[in-house]
Structure formats: C-alpha cells, structure tokens
Amino acid sequence: MIQSPTPPTLIEIAQTTSLSSSPPSQIPTEIVSDEEMSLIESAFSLAFKARPSLSSSSTSVHFHRNSSSITLHSKRSFSNYSSSYCVGDIEDGIGIRSAQKKRVGESLLYRFRRKTGLFVTDITSTEWCEKQKEFFLVCGKPKATKAMKAGSARHAVLEEEVITRVEVVIRSAEEHWALKMINFIHGTNQLLMDGLTRELPLIGFAEGVCVVGVIDEICMSRCAPTLVETKTRSQNSLPSEPQQRNGRLQLMCYKYLWDNLLANPFPSQQFLESFSLNPDYKLSKQIQETAVQAGLPAPQTLNDVLRRYEYVCSMLPKTRDQLLLRYEYQKDQSLISENQFLYKSNWVTDQIRSSLEFWKGDREASYTPQDERWKCNHCKYASRCPVQNPVSEEA
C-alpha cells in the first residue's frame with residue numbers, strides 16, 4: 001500500500017481488464033469520471049451491436065478507483081468488458097413466457113445494463129428527460145462539454161486530497177465486482193475512523209434491480225453520516241429548480257440504497273445470478289493483498305469478499321435524513337451555495353419505480369413536462385425529437 005504524506009491513506013484501484021471471451025478491437029483512450037460511466041457503457045454497447053464481428057486482439061482497461069472517495073475513473077479501452085456486459089437479460093432463463101421475454105429482451109435494461117447494473121445517473125437522467133436518455137442510448141454519447149470536463153477535473157482534485165492510488169490488474173468480472181466491494185469496505189472503514197470518505201462505490205438493489213452508484217462525499221456529523229454531493233457551475237449562480245431537483249434526487253437515491261443495505265440482508269444469490277458470477281472464483285494474489293490492505297481478512301475467493309460486504313452492510317450506521325447539495329464556481333472553486341434538505345422516502349421511491357418502468361420496457365419513454373420544455377433548447381437530440389418535430393412522430 002502506498003503511503004500518503006498528507007491526509008488519510010487510501011487506495012485507488014486501477015483495474016486493467018482483459019477478459020478472455022472474444023475481445024473486440026481497441027477503442028481510443030480517454031479518461032472520464034464515474035459520473036459518465038453510464039454514458040460510456042451505452043456508447044460501447046451500441047458500437048458492438050453495429051460491428052459485424054469482433055477482433056481477436058486483446059485490450060486493456062484502467063479503472064481508477066478511490067477508497068476514500070472511492071470513485072471509479074476509467075481509462076477507456078473498455079471494449080471487451082462492455083461487449084460481454086451489455087448482452088442478455090436479467091430475467092433470461094427463468095421460465096417467463098415468450099411474449100414477456102420478447103418485451104424484456106427489447107428493454108433498455110436488457111440491451112445496455114444487463115452486466116453492469118443500473119447506474120444512479122441512469123435514474124436521474126430519466127427524471128430529467130426519458131426521451132433524451134433513450135436517444136442517448138440508441139444514438140450514442142454527445143461530445144463532452146467544457147463544463148463537464150471542468151466538473152470532472154474538480155472531482156479529481158477532491159479525490160486526491162484523501163486518497164492514494166494503487167494499480168491492480170483484474171482478469172474477470174468476478175475480480176471487477178470484488179474490487180468494487182473492497183473499495184466500499186475500505187471507504188466505510190475510513191469514514192468511521194477519520195470521519196470522512198469520498199467517492200464511495202455502492203452496490204445495492206432497488207425493486208429487484210441491481211443499482212450501482214458512487215457517493216461523492218460522506219462526513220460524520222453529530223455522530224451520524226451525512227451524504228454530500230458537490231456540483232460545479234460554469235456560472236457564479238445557482239442552477240434552475242429542475243436542475244436542483246435532479247441533484248436532490250441523486251443524493252436521495254444514494255440514501256435509498258444505503259438504507260436498504262442497512263435494513264435488508266444483501267441479496268448475494270440474486271447478485272451472483274444477475275451477473276453470472278462464480279462465487280468460488282479465486283482472486284489474484286495482487287487483489288488478495290489489496291484486500292488485506294483495505295482491512296479484509298485475506299480473502300481467497302469472490303465469495304469471501306461478498307460475505308464481508310454483507311457483514312459490513314449489516315453494520316452500517318444510519319445516515320442522517322438531512323442531505324447536503326453543494327454548488328461551487330468552476331473558475332475559482334468558491335462556494336456558491338450549500339443546500340440542505342430532508343430525505344423524502346416516498347418521493348424517491350416513486351421516482352425510482354417510474355424510472356424502472358421505462359428501463360424495463362413497461363412503457364414508452366415520456367417527454368419532459370410542458371413547463372420545462374426549455375430543456376429542449378440545450379438538448380443535442382432536439383432535431384430528432386417528436387416534441388420539436390411532430391411530423392417525425394407520424395413518420
């Protein structure tokens with residue numbers, strides 16, 4: 001473990017993935033934040049559907065993860081991982097009727113998230129506009145804006161304040177998920193010992209669907225954890241109310257997952273079956289050593305890590321109902337505002353259920369409300385959208 005000269009010593013796990021099954025051709029390398037992971041997955045999945053065949057050359061992927069803020073950064077050559085992870089269906093092979101299989105098989109969850117789980121940003125983006133999300137998944141990721149890049153850079157600076165990065169090579173999906181759990185365990189240990197952790201990876205379930213996210217920051221306040229999200233702004237002012245609402249939803253989703261992990265045993269068997277994982281898969285020596293450094297008792301297999309994850313989840317402290325949404329000015333990182341608000345269990349549950357209806361293909365994508373159609377002026381897909389072009393809907 002690399003010692004950090006300043007604040008708490010943490011590990012960032014850089015995962016180099018080289019799965020053995022049909023590796024595809026390489027994709028140009030680009031560093032992105034975990035906030036954009038759902039976007040990357042969608043673009044890759046679309047690219048593989050369009051390719052007539054896969055190359056036999058192997059590629060590698062780098063996931064830079066923090067343990068204190070345990071976020072996931074990926075250095076992109078993620079092709080192999082995505083190809084095997086965006087095919088199939090969570091409900092495949094469990095005896096459902098053919099008509100239902102067809103519906104689920106055509107769902108966005110089936111096409112784009114079967115092997116990765118749903119991201120919290122997948123839920124918040126549908127609250128913003130389901131049709132825009134559908135366009136993104138089908139048509140591909142728009143070019144990152146200057147503001148997005150600045151926001152990612154700011155998050156990287158915050159991460160480096162509390163973490164030390166360590167590269168770990170991963171060879172399989174089992175090791176990928178094991179590292180997520182190891183980082184979570186390390187981050188929660190840091191929270192309890194030091195009172196602060198950042199970019200904490202979270203794996204939970206919502207309405208039977210695996211949902212993963214990265215909590216921006218958790219700090220101890222009045223002997224209880226407070227969830228914090230930092231948003232950067234290109235303008236020195238607060239965003240619109242719909243944007244603030246979307247940020248509040250993101251934090252509430254994290255608390256929803258956290259509270260579920262505390263209230264209910266982690267569904268390990270469902271987790272393993274969802275991603276076709278082998279619980280007896282033997283982890284590499286490097287990952288075993290990394291786990292020990294993170295506070296685990298020398299795990300040998302994925303199941304060893306999973307059991308520890310279950311235990312840690314059962315011992316989690318209850319987070320405060322008061323959440324904190326912080327806005328910073330990108331130019332000088334000055335504070336614009338700190339918005340404290342209360343968790344609304346019923347509201348976030350309804351939002352998650354509605355989003356899952358869309359993802360599961362239970363209904364068509366909805367459009368942004370009439371009084372929020374100003375969003376369309378900033379949408380990259382406005383020229384294709386039936387809301388802006390009613391004739392295209394008939395065609």
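What this report covers is the structure whose coordinates are included nearby. (Residues numbered from 1 in each chain as written. Predicted model: local features only at pLDDT ≥ 70, side-chain atom pairs only at ≥ 80, totals over all residues. Heavy atoms only, no water.)

## Quick word on the overall build of the protein chain
Right, on to step 1. Helices and strands together make up the secondary structure of the protein chain, namely 14 helices and 11 strands.
Right, on to step 2. Burial analysis of the protein chain (395 residues in total) assigns 56% to the buried set.
Right, on to step 3. Summarising the internal contacts of the protein chain: among those between residues at least 6 apart in sequence, 76% fall at separations of at least 24.
Right, on to step 4. Carbon together with sulfur atoms contributes 50% to the accessible area of the protein chain, which is approximately 17,300 Å² in total. (Helix = DSSP H or I, 4+ residues; strand = E, 2+ residues; numbered from the N terminus. Buried < 20%, exposed > 50% of the residue type's maximum accessible area, 1.4 Å probe, protein only. Contact = heavy atoms within 4.5 Å. Areas by Shrake-Rupley, 256 points an atom, 1.4 Å probe, with all protein chains shown as cover.)

## Section: the environment of D362
Right, on to step 1. Counting through the fold element by element, D362 comes out in the loop between α13 (345–360) and α14 (390–394).
Right, on to step 2. Residue D362 is classed as partly exposed on the basis of its relative accessible area, which comes to 44%.
Right, on to step 3. Along the backbone, D362 and S107 are 255 residues apart, and their C-alpha atoms lie at a distance of 8.3 Å.

## A closer look at the packing of helix α5 (residues 120–128) against α13
Angle between the axes and distance between the axes are the two parameters that describe a pair of packed helices.
Right, on to step 1. Between α5 and α13, whose axes approach to 9 Å, the crossing angle comes to 90°. Here α13 runs roughly perpendicular to α5, going by the angle between their axes. Residues D122, I123, T126 and E127 of α5 pack against Q351, I352, S355, F358 and W359 of α13.
Right, on to step 2. Here the residues of the contact of α5 with α13 are counted per class, giving 4 nonpolar, 3 polar and 2 charged. (Axes fitted to C-alpha atoms, helices over the stretch in contact; angles between N-to-C directions. Parallel < 35°, antiparallel > 145°, perpendicular 65-115°, else oblique. Nonpolar A, V, L, I, M, F, W, Y, C, P; charged D, E, K, R; others polar.)

## What to know about the pattern of salt bridges
Right, on to step 1. Tallied over the full model, the rule gives 17 salt bridges.
Right, on to step 2. One salt bridge in this structure joins R245 and E127, with 2.5 Å as the shortest N-O distance. Here R245, found in helix α9 (residues 241–263), pairs with E127, found in helix α5; they are 118 residues apart in sequence, far enough to count as distant. The residues R245 and E127 share a single accessibility class, namely buried.
Right, on to step 3. In this structure, K255 and D259 form a salt bridge, with 3.1 Å as the shortest nitrogen-oxygen distance. Note that K255 and D259 are positioned in helix α9 at a spacing of 4 residues, about one turn of the helix. With respect to burial, K255 and D259 carry one shared label: buried.
Right, on to step 4. In the salt-bridge network here, residues are joined through shared partners; they are E127, R245, E372 and K375. (Salt bridge = Lys/Arg side-chain N within 4 Å of Asp/Glu carboxyl O.)

## Remarks on the side chain of T301
Right, on to step 1. In this fold, T301 is placed in the loop between α11 (285–293) and α12 (302–314).
Right, on to step 2. Not counting chain neighbours up to four residues away, the residues in contact with T301 comprise P279, D280, Y281, K282 and L283.

## Observations regarding the packing of helix α8 (residues 173–194) against α11
Right, on to step 1. Contact geometry for α8 and α11: axes closest at 9 Å, N-to-C directions at 15°. One finds that α8 runs roughly parallel with respect to α11. Handedness of the crossing formed by α8 with α11: left-handed. For the pair α8 and α11, contact is made by E175, L179, I182 and H186 and by I287, T290, A291 and Q293, respectively.
Right, on to step 2. For the contact of α8 with α11, the class distribution of residues is 4 nonpolar, 3 polar and 1 charged. (Left-handed = near helix turned anticlockwise from the far one by under 90°.)

## Quick look at α12
Right, on to step 1. With 13 residues, α12 extends 18 Å between its outermost C-alpha atoms, agreeing within 8% with the 18 Å of an ideal straight helix rising 1.5 Å per residue.
Right, on to step 2. As for α12, its buried residues are in contact with α8, β7 (196–206), α9 and α10 (268–274). (Expected span 1.5 Å × (residues − 1).)

## Some points on the pairing of β7
Successive residues of a regular strand alternate their side chains across the two faces of the sheet.
Right, on to step 1. Counting buried positions along β7 yields 10 of 11 residues, so the element is predominantly enclosed.
Right, on to step 2. Where β7 hands over to strand β8 (residues 209–221), the hairpin turn is made up of 2 residues, of which E207 adopts a positive phi near 55°. (Pairing = 2+ DSSP bridges.)

## So, the environment of P299
Right, on to step 1. By the secondary structure assignment, P299 is in the loop between α11 and α12.
Right, on to step 2. Residue P299 is classed as buried on the basis of its relative accessible area, which comes to 3%.
Right, on to step 3. Placed 17 residues apart in sequence, P299 and K282 show a C-alpha to C-alpha distance of 9.1 Å.
Right, on to step 4. Beyond its immediate sequence surroundings of up to four residues, P299 is in contact with Q288, A291, D304 and V305.

## Describing unusual backbone geometry
Right, on to step 1. Non-glycine residue E199 carries a positive phi angle of around 50°.
Right, on to step 2. Position of E199 relative to the elements: it lies in strand β7.
Right, on to step 3. For E199, a relative accessible area of 6% translates into the label buried.
Right, on to step 4. For E207, which is not glycine, the phi dihedral falls at a positive 55°.

## Quick word on the pairing of strand β9 (residues 224–233)
Right, on to step 1. With 9 of 10 residues buried, β9 is to be regarded as a mostly interior element.
Right, on to step 2. Two elements, β8 and β9, share 5 bridges in a ladder whose sense is antiparallel. When the bridges of β9 are listed, E217 appears paired with V228.
Right, on to step 3. The turn linking β8 back onto β9 is made up of 2 residues, and R222 within it adopts a positive phi angle of 55°.

## Side note on helix α6 (residues 130–139)
Right, on to step 1. Every buried residue belonging to α6 is among E130, K131, K133, F135, F136 and L137, and all of these are buried.
Right, on to step 2. Just downstream of α6, G140 is the residue with a positive phi angle, here 105°.

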